[in-house]
Amino acid sequence: MQVNIKNLIDEVQWYKTVRELRWPESIQCPSCQSTQVMKRGFDDKELARQRYECKDCDTRFADLTDTIFAGPHPPLKVWVLCLYFMGLHVSNDQMAHALDVARSDVYQMTPALREGIVKKNPT
């Protein structure tokens, strides 16, 4: 029996962990840093991803907005497994094979993970 490691990841728990790491005190708007934020349901494709709206500036955002995980990239669980494999010193080619993603994706993900999860805003 072959087990796909991606199926062993609990996305609900990982999104909860991202929220706790990103906003240890309370959720903040990425545009104005206000904590006056309300929940606005969940994402259509990644059901564990929470959506929000800032009451002060009306900006809508989600758990991954302004992070390296945002955009048309692999799902969060693939990023988490990539980070795990990096800790085990697995090669990029081996990661791509194990995660069933393109080598080019892994070659873009690993340096981004090394630099940090939250994007740095220009000063």
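Counting restarts for each chain, with residues numbered from 1 along the sequence as it is written. Residues qualify for local features only when their pLDDT is at least 70, as the model is predicted, and side-chain atom pairs are given and counted only at 80 or more; totals for whole chains, interfaces and linings, by contrast, use all residues. Think of the side-chain values as coming from all heavy atoms in the structure, minus any hydrogens and water.

### Digging into unusual backbone geometry
Thinking step 1. Phi angles above zero are rare outside glycine, and Gln 33 is one such case at about 65°.
Thinking step 2. Checked against the element boundaries, Gln 33 lands in the loop between helix 1 (11–22) and strand 1 (37–42).
Thinking step 3. Residue exposure (1.4 Å probe, protein chains only): buried if accessible area is under 20% of the type maximum, exposed if over 50%, otherwise partly exposed. On the basis of relative accessible area, Gln 33 is assigned to the partly exposed category, the value being 45%.
Thinking step 4. For Asp 100, which is not a glycine, the phi torsion comes out positive at approximately 60°.
Thinking step 5. Runs of H or I in DSSP of at least four residues are treated as helices and runs of E of at least two as strands, each being numbered from the N terminus. Structurally, the position occupied by Asp 100 is in the loop between helix 3 (92–99) and helix 4 (103–115).

### Points about helix 3
Note: α-helices contain 3.6 residues per turn, so residues at a spacing of three or four share the same orientation.
Thinking step 1. Those residues of helix 3 that fall on the buried side of the exposure criterion are Asn 92, Met 95, Ala 96 and Leu 99. Buried residues in helix 3, looked at end-on, bunch into an arc of 100°, giving them a common side.
Thinking step 2. Two residues qualify as a contact provided that any one of their heavy atoms is within 4.5 Å of a heavy atom in the partner residue. The inward-facing, buried residues of helix 3 contact helix 2 (76–87) and helix 4.
Thinking step 3. In the stretch just after helix 3, Asp 100 is the one whose phi turns positive, near 60°. The arc refers to the directions leading from the helix axis to the C-beta atoms.

### Quick word on the packing of helix 1 against helix 2
Thinking step 1. Angular values range over 0 to 180 degrees, each being the angle between N-to-C directions of two axes fitted as lines to C-alpha atoms, with helices fitted over their stretch in contact. Between helix 1 and helix 2, the least distance of the axes is 10 Å, while the angle of their chain directions is 75°. As the angle between them shows, helix 1 and helix 2 are arranged roughly perpendicular. Contacts between helix 1 and helix 2 involve Glu 11, Trp 14, Tyr 15 and Val 18 from the first element and Leu 76, Lys 77 and Val 80 from the second.
Thinking step 2. Considered class by class, the residues forming the contact of helix 1 with helix 2 number five nonpolar, no polar and two charged. Throughout, the term roughly parallel applies to angles under 35 degrees, roughly antiparallel to angles over 145, roughly perpendicular to angles from 65 to 115, and oblique to all others. Residues are grouped as follows: Ala, Val, Leu, Ile, Met, Phe, Trp, Tyr, Cys and Pro are nonpolar; Asp, Glu, Lys and Arg are charged; all remaining types, including Gly, are polar.

### Re the packing of aromatic side chains
Thinking step 1. Ring pairs are drawn from Phe, Tyr and Trp, using the six-membered ring of Trp, whenever the two centres fall within 6.5 Å, and their geometry is named by plane angle: stacked under 30 degrees, edge-to-face over 60, tilted for the rest. All told, the structure shown has five aromatic pairs when counted by the stated rule.
Thinking step 2. Centre to centre, the rings of Trp 23 and Tyr 52 are 5.7 Å apart; their planes meet at 80°, and the pair counts as edge-to-face. Here Trp 23 is found in the loop between helix 1 and strand 1, whereas its partner Tyr 52 is found in strand 2 (residues 50–54), with 29 residues between them in sequence. For the pair Trp 23 and Tyr 52, a shared accessibility class is recorded, and that class is buried.
Thinking step 3. When the ring of Tyr 84 is compared with that of Phe 85, the centres are 5.9 Å apart and the planes differ by 50°; the resulting orientation is tilted.
Thinking step 4. Judged by its relative accessible area of 49%, Tyr 84 falls in the partly exposed class.
Thinking step 5. Joined through ring pairs, the aromatic side chains of Trp 23, Tyr 52 and Phe 61 make up one cluster.

### What about the sheet that holds strand 3 (residues 60–62)?
Thinking step 1. Pairs of strands are assigned from DSSP output, requiring at least two bridges between the strands. In space, the three strands of this open sheet follow the order 1-2-3, with antiparallel pairing throughout. Strands with a single pairing partner mark the edges of an open sheet, and in this sheet they are strand 1 and strand 3. Between one strand axis and the next, the sheet turns through 30° on average, direction left out of account.
Thinking step 2. In this structure, strand 1 lies alongside strand 2, joined through four bridges in antiparallel fashion.

### Topic: the pattern of salt bridges
Thinking step 1. We count a salt bridge whenever a side-chain nitrogen from Lys or Arg sits within 4 Å of a carboxyl oxygen from Asp or Glu. Counted according to the given criterion, the structure contains nine salt bridges.
Thinking step 2. The partner of Lys 16 in a salt bridge is Glu 20, and the shortest N-O contact between them spans 3.9 Å. Here the residue Lys 16 and the residue Glu 20 both occupy positions in helix 1, the gap between them amounting to four residues, near one helical turn.
Thinking step 3. What makes Lys 16 partly exposed here is its relative accessible area of 40%.

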